[in-house]
Amino acid sequence: MSGIKQTGEKNLMFFSGRSHPELADEISSHLGVDATPTTLRDFANGEIYARYQESVRGCDAFVMQSHTWPINQWIMEQLIMVDALKRASAKRITVIMPFYGYARQDKKSKGREPITARLMADMFKTAGADRLMSIDLHTSQIQGFFDGPVDHLFAMPVLVNYLKDKIDLETTTVVSPDTGRVRLSERWADTLGTPLAFIHKRRDLDVANQVKVSEVVGRVRGRTCVLIDDMIDTAGTICKAADALYEQGATNVVVAATHAVFSDPAVDRLKNSQISEVIVTNTVPLPEDKRFDKLTVLSIAPLIARAITEVFNDGSVTSLFEGDS
């Protein structure tokens, strides 16, 4: 069946774009529904066509799309799907973006720059979205860019549960790769009951993806270090941070990140680095050519399915994270 119906009240319908069908199938399985059949195709000039094969009138619609490469195509497809839902009289539209595209540009560092994280929120609001759902936003302030409810989910419980069985917490330090991730790393350290360290770095504002690591602040000598970040793009930050930790006497470095963007040359850097294990979630699809021996991929589908259920039943999404959401 393609929906959960409550007589005279609610009708949950789940929709997915074409960017990450494996994750959509997992979420559907956890929800106990099938994704609503949808016709999605490209015209010869690259324009996208969308049409739902069942009535969506009055439904509580959840439309998911992972903003992966080619990112602009998949964002546009999700916008078109939202517009189609609005014009077909869906009652409420929740946009699910496991990875929020363009989130890194969330403020102006220099004059004449855009704030694309706000632009994204504006576009989805204009298209007809009533609610946004995303995992580990680049910064929490992005929640304020959307004029409506935003469900900010955290992958930390998924990653922490895996790590607890892999490391000795008595000799472990949680490390933030920069000052911007200190608050997230504090939550990790509190949850695991470990010390916290961070790396002071400087980024070249005129050259994208160029990082200079300055110094390590905290107790890392003779310890296993768990480097925490929201995303790994080209892996420059993480690999240089790992090198700095080993230089300061760390015995082992494990990386835990939510979004495995893995733009070139990330895979080569990670494979050839001193990092012992890279743990990520499947918020974006990872083809075989981006997988390697020390990579572990954990599923985020159960978390998204539970959040969908809470929203549909007017429950508490915050309860999923024990007050951290």
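Model, not experiment: these values are computed from the prediction.

Participant: When you look at the pattern of salt bridges in this model, what are you seeing that I'm missing?
Facilitator: Pairing between side chains of opposite charge can happen when their charged atoms approach one another. Summed over the entire model, instances satisfying the criterion amount to 11 salt bridges. Two residues, Asp42 and Arg18, come together in a salt bridge whose shortest N-O distance is 2.8 Å. Of this pair, Asp42 sits in strand E3 (residues 38–42) while Arg18 sits in the loop between strand E2 (11–16) and helix H1 (21–31), and the two are 24 residues apart along the sequence. Note on Asp42: relative accessible area 39%, which makes it partly exposed. On the accessibility criterion, Arg18 (28% relative accessible area) is partly exposed. Arg181 is the salt-bridge partner of Asp229, the closest N and O atoms lying 3.1 Å from each other. Taken together, the residues Asp229 in strand E12 (residues 224–232) and Arg181 in the loop between strand E9 (172–176) and helix H5 (182–192) connect sequence positions 48 residues apart. Accessibility assignment for this pair places Asp229 and Arg181 in one class, buried. By sharing partners, the salt bridges in this structure join Arg18, Asp42 and Glu77 into a single network.

Participant: Is there a simple way to explain helix H8 (residues 301–312) in this structure?
Facilitator: It helps to recall that an α-helix has 3.6 residues per turn; residues three or four apart then point in one direction. End to end, H8 covers 16 Å across 12 residues, agreeing with the expected 16 Å (1.5 Å per residue, within 8%). If you check which residues of H8 are buried, you get Ala301, Leu303, Ile304, Ala305, Ala307, Ile308, Val311 and Phe312. Just past H8, the residue Asp314 takes up positive phi, approximately 55°.

Participant: So what exactly am I meant to see when it comes to the environment of Leu137 here?
Facilitator: For Leu137, the position within the fold is in the loop between strand E7 (131–135) and strand E8 (150–153). The sequence separation of Leu137 and Phe154 amounts to 17 residues, and the corresponding C-alpha distance is 8.7 Å.

Participant: Any chance you could explain a negative patch on the surface here in plain terms?
Facilitator: Residues Asp264, Asp268, Glu288 and Asp289 make up a contiguous surface patch of negative charge. You can see Asp264 is positioned in the loop between strand E13 (252–260) and helix H7 (266–271).

Participant: Where do I start with the nonpolar core in this structure?
Facilitator: Counting 43 residues, the largest nonpolar core has Phe14, Ile27, Trp188 and Ile308 as the members making the most contacts within it. The dominant element in this core, judged by the number of residues it contributes, is H8, at 8 residues. Other than its neighbours up to four places away in sequence, Ile308 contacts Leu12, Phe14, Ile27, Leu31, Phe62, Ile96 and Met133. Residues Val56, Ala61, Ala103 and Ala127 belong to the second largest nonpolar core, which totals 33 residues.

Participant: Explain helix H3 (residues 116–127) here, please?
Facilitator: If you check H3, its first and last C-alpha atoms are 16 Å apart, about what 12 residues at 1.5 Å a residue would give, namely 16 Å. Listed in full, the buried residues belonging to H3 are Thr116, Ala117, Met120, Ala121, Phe124 and Ala127. In an axial view of H3, the angular spread of the buried residues amounts to 150°, which keeps them on one side of the axis. Remark: Gly128 follows H3 within two positions and exhibits a positive phi of approximately 130°.

Participant: How should I be thinking about the packing of helix H2 (residues 71–87) against H3 in this particular structure?
Facilitator: Helix packing geometry: the angle between the two helix axes and the distance between the axes. Two elements in contact, H2 and H3, have axes separated by 8 Å at closest approach and are oriented at 30°. One element, H2, and the other, H3, form an angle in the roughly parallel class. Residues Ile75, Gln78, Leu79, Val82, Asp83 and Lys86 of H2 form the contact with H3, whose own contacting residues are Met120, Met123, Phe124, Thr126 and Ala127. Each residue belonging to the contact of H2 with H3 can be placed in one class, and the counts come to 7 nonpolar, 2 polar and 2 charged.

The rules we used
Residues numbered from 1 in each chain as written. Predicted model: local features only at pLDDT ≥ 70, side-chain atom pairs only at ≥ 80, totals over all residues. Heavy atoms only, no water. Salt bridge = Lys/Arg side-chain N within 4 Å of Asp/Glu carboxyl O. Helix = DSSP H or I, 4+ residues; strand = E, 2+ residues; numbered from the N terminus. Buried < 20%, exposed > 50% of the residue type's maximum accessible area, 1.4 Å probe, protein only. Expected span 1.5 Å × (residues − 1). Patch = residues over 30% accessible without salt bridge, like charges linked within 9 Å, V, L, I, M, F, W, Y side chains within 5 Å. Areas by Shrake-Rupley, 256 points an atom, 1.4 Å probe, with all protein chains shown as cover. Lys, Arg positive; Asp, Glu negative; His and termini not counted. Charge placed at Lys NZ, Arg CZ, Asp CG, Glu CD. Core = buried A, V, L, I, M, F, W, Y, C linked by side-chain atoms within 4.5 Å. Contact = heavy atoms within 4.5 Å. Arc of directions from axis to C-beta. Axes fitted to C-alpha atoms, helices over the stretch in contact; angles between N-to-C directions. Parallel < 35°, antiparallel > 145°, perpendicular 65-115°, else oblique. Nonpolar A, V, L, I, M, F, W, Y, C, P; charged D, E, K, R; others polar.

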